[in-house]
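# Results of the structural survey
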Amino acid sequence: MSLALAPLDMTVEMEANLPCRKFDPDLWFSDAPTELELAKSLCGDCPLRVECLAGAVERAEPWGVWGGEIFERGAVVPRKRPRGRPRKEDLARDAQLRVEAEARLAASGLSESRNTVRLAA
């Protein structure tokens, strides 16, 4: 009697190694800025990071972390601000982070069509 083995499904094996599949999915859609920063850092080594980001930009994802970037209302934001009025140093840091986010998008090849990628002010 011989056992027939099903072919190995590589997509299932690869999905098991994706950070968004290993950790709690709510981390990528948290309201807490620190949790979103953790999710962004977990995306750093993901093999599908560029494809994930491109898909999120194309769909104009309303919120969450996609491809290592934070989306809010369909736009990439450098960081999620906590509730309340921002301090002056936070505003300056946001401007610097916005430039860095634009550079990451450009490095991914997603900023050529500026009309498809919106960076929140």
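Below, the structure is looked at part by part. (Residues numbered from 1 in each chain as written. Predicted model: local features only at pLDDT ≥ 70, side-chain atom pairs only at ≥ 80, totals over all residues. Heavy atoms only, no water.)

### Section: the environment of V77
This is how it is decided: Where helices and strands are cited, they refer to DSSP runs of H or I of at least four residues and of E of at least two residues respectively, numbered from the N terminus. The classification of residues rests on relative accessible area computed with a 1.4 Å probe and restricted to protein chains. Under 20% of the type maximum is buried, over 50% is exposed, and intermediate values are partly exposed.
Relative to the assigned elements, V77 resides in strand β3 (residues 75-77). When its relative accessible area of 9% is taken as the criterion, V77 is described as buried. Each C-alpha atom, one on V77 and one on E102, is 9.7 Å from the other, the two residues being 25 residues apart in sequence.

### Overview of the pattern of salt bridges
Defined as follows: The salt bridge criterion pairs a side-chain nitrogen of Lys or Arg with a carboxyl oxygen of Asp or Glu, the two atoms within 4 Å.
Counted by the stated rule, this structure contains 4 salt bridges. Residue E61 pairs with R59 through a salt bridge whose shortest N-O separation is 2.6 Å. By relative accessible area, which is 14% here, E61 ends up buried. Taking relative accessible area as the criterion, R59 reaches 47% and is therefore assigned partly exposed. With a closest N to O distance of 2.5 Å, E69 and R104 form a salt bridge. On the criterion of sequence distance, the pair formed by E69 in strand β2 (residues 69-72) and R104 in helix α5 (residues 88-107) is long-range, its members being 35 residues apart. The exposure class assigned to E69 is buried, which follows from its relative accessible area of 1%. Using a relative accessible area of 27% as the deciding quantity, one classes R104 as partly exposed.

By themselves, these figures tell us nothing about what the structure is for.
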